[in-house]
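# Summary of the model geometry
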Amino acid sequence: MAYELYYWDGIQGRGEFVRLALEEAGVDYVDVARQSGRGMGTGAMLELMKSKSEPHIPFAPPFLRDGDLIVSHVANILFYLGPKLGLVPDNETLRYIVNGLQLTITDLVAEVHDTHHPIATSLYYEDQKDAAKARTKAFIGERIPKFLGYFEQVLQQNPGGSRYIVGDALSYVDLSLFQVIEGLRYAFPKAMKAQDGDYPGLIALHDAVAVRPKIAAYLGSKRRLAFNEDGIFRHYPELDTTP
Ligand SMILES: N[C@@H](CCC(=O)N[C@@H](CS)C(=O)NCC(=O)O)C(=O)O
């Protein structure tokens, strides 16, 4: 049976980290909220989240349904899928390293979200613009260098070589790092241009992921939605400053 991915329609958002893994593996999956018909669409997703009969309902999308099992949270979904999709090292110990890196990406993504919504998710960006400016200035000046500098160091120190961040083959965290670079470049093109040279390994990893046959096909397909100002990575020119 095909995996069912539940995520908000119309944006890449956090769902994209899961999509990239499913696409690289070339497995069948249904992007439920983007489909119409019985049991499909955003309505079906919301219904499932409020279900009184499901034993373990998720708090927020993305979540994945595999038969009777519903798995929530990007990092947890990828931890579940990784071995099934062949996107983690064979070495069990290294799978915890991969998970730790993915959880660090979760933290980074939350901070990206907070650049445009520093006060409340329920308020419009326009209602928290001043706070967003202050928050983004610190994010660009302090947090991007700290997070990307960290990933760069881990990549360079990987005993398996610096083509991949863990081991000597592609794992789902490499795909997520590709998405992080794509997203940051979309949201903060000026800031990223000024810092790109500091992360040569990460940029090489990003470029190598982009040309993997299945990923390249996906990026060129209709399934890959464009970034927009409803997602996690948003481009507001007034926030994009050089550090
Ligand atoms: N830690 C979760 C975060 C999930 C999350 O924040 N999902 C957002 C959409 S990207 C949402 O719908 N949140 C609803 C809410 O927090 O009330 C993950 O990594 O998957």
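Residues numbered from 1 in each chain as written. Predicted model: local features only at pLDDT ≥ 70, side-chain atom pairs only at ≥ 80, totals over all residues. Heavy atoms only, no water.

## Quick word on the overall build of the protein chain
What counts is decided by this rule: A helix here means a DSSP run of H or I that spans at least four residues, while a strand means a run of E at least two residues long, and both kinds are numbered starting from the N terminus. The atom set for the radius of gyration is the C-alpha atoms, and the globule formula is 2.2 Å times the number of residues raised to the power 0.38. Exposure is judged per residue with a 1.4 Å probe applied to protein chains only, and the accessible area is read against the type maximum: over 50% gives exposed, under 20% gives buried, and values in between give partly exposed. Only heavy atoms enter the contact rule, under which two residues are in contact if any of them lie within 4.5 Å.
Scanning the protein chain from N- to C-terminus turns up 9 helices and 4 strands. When the elements of the protein chain are put in sequence order from the N terminus, they spell out β-α-β-α-β-β-α-α-α-α-α-α-α. Compactness check: the protein chain gives a C-alpha radius of gyration of 18 Å against a globular reference of 18 Å for 243 residues, within 12% of the reference. Referenced to the eigenvectors of the C-alpha coordinate spread, the extents of the protein chain come out at roughly 50 × 45 × 30 Å. For the protein chain, with 243 residues in total, the buried portion stands at 49%. Counting contacts in the protein chain only where the partners sit at least 6 residues apart, residues at least 24 apart contribute 67% of the total.

## Some thoughts on the packing of aromatic side chains
Given two aromatic rings, their pairing is described by the distance between the two centres and the angle made by the two planes. Put simply, the test is: Geometry of aromatic contacts follows a simple scheme: Phe, Tyr and Trp rings, the Trp one being its six-membered ring, pair when their centres are within 6.5 Å, and the pair is stacked under 30 degrees between planes, edge-to-face over 60, tilted otherwise.
In this structure the tally under the stated criterion is 7 aromatic pairs. Here the aromatic rings of Phe-227 and Phe-233 are separated by 6.1 Å at their centres, their planes lie at 85°, and the arrangement is edge-to-face. You can call Phe-233 buried: its relative accessible area is 5%.

## Structural notes on the domain arrangement of the protein chain
Rule in force here: Start and end points for every domain follow an automatic or database-based domain assignment. For any pair of parts, buried area is found by adding up, for both, the accessible area (1.4 Å probe) each one loses once the two are put together. Within this document, salt bridges are pairs made up of a side-chain nitrogen of Lys or Arg and a carboxyl oxygen of Asp or Glu, the two lying within 4 Å of each other. In protein, a polar contact means a hydrogen-donor-capable atom and an acceptor-capable atom, both N or O and within 3.5 Å, with residues adjacent in sequence counting only if both atoms are side-chain atoms; elsewhere, any N or O pair within 3.5 Å suffices.
As assigned here, the protein chain comprises domain 1 (3-85) and domain 2 (92-231). Across the contact, 21 residues belong to domain 1 and 28 residues belong to domain 2. Taken together, the two surfaces of domain 1 and domain 2 that pack against each other cover about 2,200 Å², and 63% of this comes from carbon and sulfur. Of all residues in domain 1, the largest losses of buried area upon contact with domain 2 belong to Gln-12, Leu-20 and Glu-24, amounting jointly to 30% of the total for that side. Summed over the shared surface of domain 1 and domain 2, the result is 3 salt bridges. Arg-224 is the partner of Glu-16 in a salt bridge, and the nearest nitrogen-oxygen pair spans 2.8 Å. Linking domain 1 to domain 2 there are 8 residue pairs in polar contact (both at pLDDT 80 or more). At the level of elements, helix H1 (15-25) and helix H3 (74-85) are the ones that each hand at least two residues to the side of domain 1 that touches domain 2.

## Things to note about the nonpolar core
Side chains of nonpolar character tend, in soluble globular proteins, to be buried together. For clarity, the cut-off: For the purposes of this section, nonpolar cores are sets of buried Ala, Val, Leu, Ile, Met, Phe, Trp, Tyr and Cys residues that join through side-chain atoms within 4.5 Å.
Counting residues in each nonpolar core, the largest one holds 56 residues, and the members touching the most others are Ile-144, Leu-148, Phe-151 and Leu-184. In terms of residue count, helix H6 (residues 172-187) provides more of this core than any other element does, 9 residues in total. Counting contributing residues per domain, this core is built from domain 1 (3-85) and domain 2 (92-231), each supplying no fewer than three. If you look at the next biggest cluster of nonpolar residues, it comprises 8 residues, including Val-32, Ala-33, Phe-63 and Ile-70.

## Points about helix H4 (residues 92-116)
Put simply, the rule is: Here the expected span of a helix is defined as 1.5 Å times the quantity of residues minus one.
Between its terminal C-alpha atoms H4 stretches 38 Å, which fits the 36 Å expected from 25 residues at 1.5 Å a residue. Between the side-chain oxygen of the N-cap and the backbone nitrogen of Thr-93 there are 2.8 Å, and the N-cap of H4 in question is Asn-91.

## Things to note about the pairing of strand S1 (residues 3-6)
Note the following rule: DSSP calls a pair of strands paired once it identifies at least 2 bridges connecting them. A crossover gets the label right-handed when its path from the first strand over the helix to the second runs clockwise, viewed with the strands pointing away from the viewer.
The two faces of S1 match: Tyr-3 and Leu-5 on one face and Glu-4 and Tyr-6 on the other face are all buried. Judged from the 3 bridges that link them, S1 and strand S2 (residues 29-31) form a sheet pairing that is parallel. Residue pairing in the sheet places Leu-5 in a bridge with Asp-31 of S2. Handedness of the β-α-β unit built from S1, H1 and S2 comes out right-handed. One ladder, built from 3 bridges, connects S1 with strand S3 (residues 63-66); its direction is antiparallel. Looking at the pairing, Glu-4 lines up with Arg-65 of S3.

## Considerations on the site of the ligand
Applicable threshold: Any residue with a heavy atom positioned within 4 Å of a molecule or strand is treated as near that molecule or strand. To measure how exposed things are, a 1.4 Å probe is used in the Shrake-Rupley method; for residues, cover is taken only from the protein chains shown.
Near the ligand you find Tyr-7, Trp-8, Arg-14, Phe-59, Ala-60, Pro-61, Pro-62, His-73, Val-74 and Thr-106, and these make up its full shell. Between the ligand and the protein, one listed contact pairs an oxygen atom with a side-chain N or O atom of Trp-8 at 2.9 Å. Residue His-73 places a side-chain N or O atom 2.9 Å away from a nitrogen atom belonging to the ligand. When isolated, the ligand has an accessible area of 510 Å², and the protein chains bury 67% of it.

## Some details on the packing of helix H5 (residues 129-156) against H6
Formally: Axis lines are fitted to C-alpha atoms, over the contacting stretch for helices. Their N-to-C directions set the angle, which ranges from 0 to 180 degrees. Angles below 35 degrees are treated as roughly parallel, those above 145 as roughly antiparallel, those between 65 and 115 as roughly perpendicular, and all remaining angles as oblique. Take the far helix as the reference: if the near one is turned anticlockwise from it by less than a right angle, the crossing is left-handed, and if turned clockwise, right-handed. Three residue categories are used. Nonpolar comprises Ala, Val, Leu, Ile, Met, Phe, Trp, Tyr, Cys and Pro, charged comprises Asp, Glu, Lys and Arg, and polar comprises the others, including Gly.
For the pair H5 and H6, the least separation of the axes is 12 Å and the interaxial angle reads 155°. Viewed along their axes, H5 and H6 adopt a mutual orientation that is roughly antiparallel. The hand of the H5/H6 crossing is left-handed. From H5, Phe-139, Ile-144, Leu-148 and Phe-151 reach across to H6, where they touch Leu-177, Val-180, Ile-181 and Leu-184. Per-class residue counts for the contact of H5 with H6 are 8 nonpolar, no polar and no charged.

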